[in-house]
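Topology and contacts: notes
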Amino acid sequence: MKLSYKNKRDQKNKLLWFKAYELNFEIVEEAKKILFENIQIDNYPFFKINKLYVSYLEKTLFYKFLDISHKIIIYNFDNKKKKNKIILTSSEYIPVDLLNQSLIKLNLNFIIKNTFNNIIKNIFKNFFIFFIEKFYKKIFFKKKNLIKENCKNKNINIGVNYSDGIDENKRSDLFFYNKDKLKKNIIIYFEYPSLKTKHTSKIKLNEKLNNLSIRSIDLWKWKQSKIYYEFKRKTEKRNKINIWLYFEILKLYRQLNYWQNFFLDYNIKIHLDPSEYGNTNIAKQIVIENINGLSIGKLRSYPTNLKGIFYQYYPNDVFFTWGNDSAKKIKKTKNNIKNVILSGYPYNINENNLADYINKNFNNKIKYKLLLIDNNYGENLSTSQNIYTNDIATFYTKLLDLCKQSPNVGLIIKPKRYNEFQKIKKIQSLVDDLINKKKCIVIKNAYQTQTISYSIHSDISIGIGVFASSAFLESIIYKKGIYYDYGNAYLEDDILEKGRNEIIFDNLNLLIEKLKFNIENNFINKDFGNWDNYINNIEKFRDKLGNKRIGEYINDVKEKLDNNNSVEKSIELANQKYIKKWY
């Protein structure tokens, strides 16, 4: 059965995709209740002791069930008069007994099945994990007692998971780096070989690391030699649900042993990991807590009020976010964050290296520079829903036509991915024509490039997305901006109380009409694109020092840990100093 979102929307004209996250949230809540009713909790004491284990379980279930939730939502939309039970097949192996019981509780008339191939693959995978964890490691690895290990903090290191790159002019994993502090204690690690060519060449990456005096570890070259955890389950009545749980806990313990061995080998007690998906970041958090360390996170994707979005993204001891709006929204999501701190925009802003480039590529008639910011788009032929291809083509066509008709208007186009932008065939001839007339710049190396670096040199930003991306929101920190709320994600957001049809639009034609009027009349409407009433709530400081603030905090908390303060006391003292200086 082929199910796809295409451009389907609910009764409020919101993208239908949002409904799946709401449904999946409810399914996981039911599944969790059923699971705990099916097991002897004494066999799993960690669920009571540390809520991160519950978070790990919740996140595992959430992303295993999400594809089915999408299929249910799409099927119900396409078949409003269905009566019989509908059979859906999962694309990966999932605990269908647990899921089907949850669907019954929620009065959803569906039966979910695994494919035969996925069942066989899962059996072999579980057998392999069982053999490795129960036999192989017991013979070849040293069993260590964590209590007897030296977990005192002295000259501790800061571990950074490489993901975003280390270019200081882009979104960087070393955003907090200070050449006078910390560099001797920073270790950046690479989980996979392909990461070393994700943003640049290996040669350039190694040169950059050497110039910064940063140590790096290739994890595939490092070998685990110790184990700290062993999962021993008492006898209980076996059923498909607790058998599934048993192997999930074995997989978790496999991760715990790996990451604890690694962190202790390199004395990593402060950890930064920008990963949002998968459950590995929660496993790392369990470990960092167990070895008297802490984790620090920062806002990567801007949160919304939509239920089920950002599910267990951030399991951090300390989490830095831009301002009160994102702090309020992140606290409403399903995340285990202990301390939320306002830092402002967290990256280094280099505003001087683009002015000459932009001016050189525009003709001297250009008075208004419009920065266009898109987001993911496609045909939506499966269970993902982005901006529909025809709709992104319409968005660009209307703005390109406006630029063509207005001699004093130039466009800076920052596509999320340049190779995808080139596939919008309808607009390429118009783009080429405007480039030749020096009325348009297309940023080809846009990936991970900071939008704010271009918005500073623009007069107004124009964004489109399923919901407002951090790329768009950083563009309005210092300049005007208007946003086409393509997904209608902001229908219930406080920001629309006064900002509707001035800063946020749900009608593209009205956005173009008002933009054209303001261009022709020197932006006579002072409310148009003006975020002054909201910006201090979005970005508290607006002083371009967010990276410095976070760097100082990390240095302070490291000093406290090095002096053998507890994690809780170290964070408390660092928080007090930070608040006194910056709040």
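Report follows, based on the coordinates. All of these numbers come straight from a predicted model, not from anything done at the bench.

**A closer look at the packing of helix α1 (residues 17–38) against helix α3 (residues 51–78)**
- Put simply, α1 and α3 touch, their axes get as near as 7 Å, and they point 130° apart. The pairing of α1 with α3 is recorded here as oblique in orientation. Crossing handedness for the pair α1 and α3: right-handed.

**With respect to the nonpolar core**
- Grouped together as the largest cluster of nonpolar side chains are 195 residues, with contacts concentrated most on F176, I296, Y396, W531, I538 and Y553.
- The contacts of I296, once residues within four sequence positions are left out, are I270, H271, L272, D273, N316, V318, F320, Y553, I554 and V557.

**Considerations on the packing of aromatic side chains**
- If you walk through the whole model with that rule in mind, you get 59 aromatic pairs.
- A centroid spacing of 6.1 Å and a plane angle of 65° characterise the contact between Y578 and Y583, whose relative ring orientation is edge-to-face.
- Stacked on the ring of F541, the Lys or Arg K540 has its end atom at 5.6 Å from the ring centre.
- R549 extends its terminal NZ or CZ atom over the ring of W582, reaching a point 4.7 Å from the ring centre.

**What about the sheet that holds strand β6 (residues 215–218)?**
- With respect to topology, seven strands assemble into an open sheet ordered β6-β5-β4-β8-β9-β10-β11, the strand pairing being parallel. The open sheet is flanked by β6 and β11 (339–342), the only strands paired with a single partner. Each neighbouring strand pair of the sheet contributes to a mean axis angle of 25°, computed without reference to strand direction.
- With four bridges connecting them, strand β5 (residues 186–190) and β6 associate as parallel partners. Within β6, the position partnered with I187 by the bridge is R215.
- In the packing of helix α9 (residues 324–332) onto the sheet, contacts are made with β10 (318–321) and β11, and the angle to β11 comes to roughly 165°.
- Set on the sheet, helix α19 (residues 546–562) makes contact with β4 (157–161), β8 (268–272), β9 (294–298), β10 and β11; between it and β8 the angle comes to about 160°.

**Some details on the packing of helix α11 (residues 389–405) against helix α17 (residues 508–520)**
- Taken N-terminus to C-terminus, the directions of α11 and α17 make an angle of 20°; their axes are 11 Å apart at the nearest point. Taken together, the axes of α11 and α17 are roughly parallel relative to one another. Two packed elements cross with a definite hand, and for α11 against α17 that hand is right-handed. Contacts between α11 and α17 pair T394, F395, K398, L399, L402 and Q405 from the former with L508, N509, I512, L515, K516 and I519 from the latter.

**Some remarks on the side chain of S453**
- One can find S453 in helix α14 (residues 451–455).
- Discounting chain neighbours no more than four positions away, the residues touching S453 are N350 and L354.

**What about the sheet that holds strand β18 (residues 480–485)?**
- Within the open sheet, the six strands sit side by side as β16-β15-β12-β17-β18-β19. Their pairing is parallel. With one partner strand each, in any of the chains shown, β16 (440–442) and β19 (504–505) form the two edges of the open sheet.
- By the bridge criterion, three bridges tie strand β15 (residues 409–414) to β16 in an arrangement that is parallel. Looking across to β16, one finds that L411 is bridged to C440.
- Of the strands in this sheet, β12 (368–373), β15, β17 (460–465) and β18 are in contact with α11, which crosses β15 at around 150°.
- In the packing of α17 onto the sheet, the strands contacted are β12, β15, β17, β18 and β19, and the crossing angle to β18 comes to about 160°.

**Brief notes about the pairing of β18**
- With five of six residues buried, β18 is to be regarded as a mostly interior element.
- As paired elements, β17 and β18 share six bridges and run parallel to each other. Looking at β18, one finds that I462 is bridged to I482.
- Handedness of the crossover joining β17 and β18 through helix α15 (residues 470–475) is recorded here as right-handed.
- Across two bridges, the pairing between β18 and β19 is parallel. Across the sheet, Y483 pairs through a bridge with I504, a residue of β19.

**A short note on the side chain of K298**
- Within the secondary structure, K298 sits in strand β9.
- Look at K298: it is buried, it has no salt bridge, and the nearest opposite charge is D164 at 4.4 Å.
- At 3.3 Å, the side chain of K298 forms a polar contact with the side chain of Y347.
- Those residues within four positions of K298 in sequence are excluded, and the remaining contacts are D164, F175, Y314, F319, F320, P346 and Y347.

**Looking at the pattern of salt bridges**
- Scanning the entire structure with this criterion turns up 34 salt bridges.
- Here E230 ties to K138 by a salt bridge, and the two come within 2.7 Å at their closest N and O atoms. Of the two residues, E230 is situated in the loop between β7 (226–227) and α7 (240–265) and K138 in helix α5 (residues 116–140); the sequence distance between them amounts to 92 residues.
- What makes K138 partly exposed here is its relative accessible area of 45%.
- Residue K208 is joined to E168 by a salt bridge in which the shortest nitrogen-to-oxygen separation is 2.7 Å. Here K208 is found in helix α6 (residues 202–212), whereas its partner E168 is found in the loop between β4 and β5, with 40 residues between them in sequence.
- Residue K208 is classed as partly exposed on the basis of its relative accessible area, which comes to 24%.
- Since its relative accessible area comes to 38%, E168 is described here as partly exposed.

Rules used in this analysis
- Residues numbered from 1 in each chain as written.
- Predicted model: local features only at pLDDT ≥ 70, side-chain atom pairs only at ≥ 80, totals over all residues.
- Heavy atoms only, no water.
- Axes fitted to C-alpha atoms, helices over the stretch in contact; angles between N-to-C directions.
- Helix = DSSP H or I, 4+ residues; strand = E, 2+ residues; numbered from the N terminus.
- Parallel < 35°, antiparallel > 145°, perpendicular 65-115°, else oblique.
- Left-handed = near helix turned anticlockwise from the far one by under 90°.
- Core = buried A, V, L, I, M, F, W, Y, C linked by side-chain atoms within 4.5 Å.
- Buried < 20%, exposed > 50% of the residue type's maximum accessible area, 1.4 Å probe, protein only.
- Contact = heavy atoms within 4.5 Å.
- Phe/Tyr/Trp six-rings, centres within 6.5 Å; stacked < 30°, edge-to-face > 60°.
- Lys NZ or Arg CZ within 6 Å of the ring centre and 35° of its normal.
- Pairing = 2+ DSSP bridges.
- Right-handed = clockwise from strand over helix to strand, strands pointing away.
- Lys, Arg positive; Asp, Glu negative; His and termini not counted.
- Salt bridge = Lys/Arg side-chain N within 4 Å of Asp/Glu carboxyl O.
- Polar contact = N/O pair within 3.5 Å; in protein donor to acceptor, adjacent residues only side chain to side chain.

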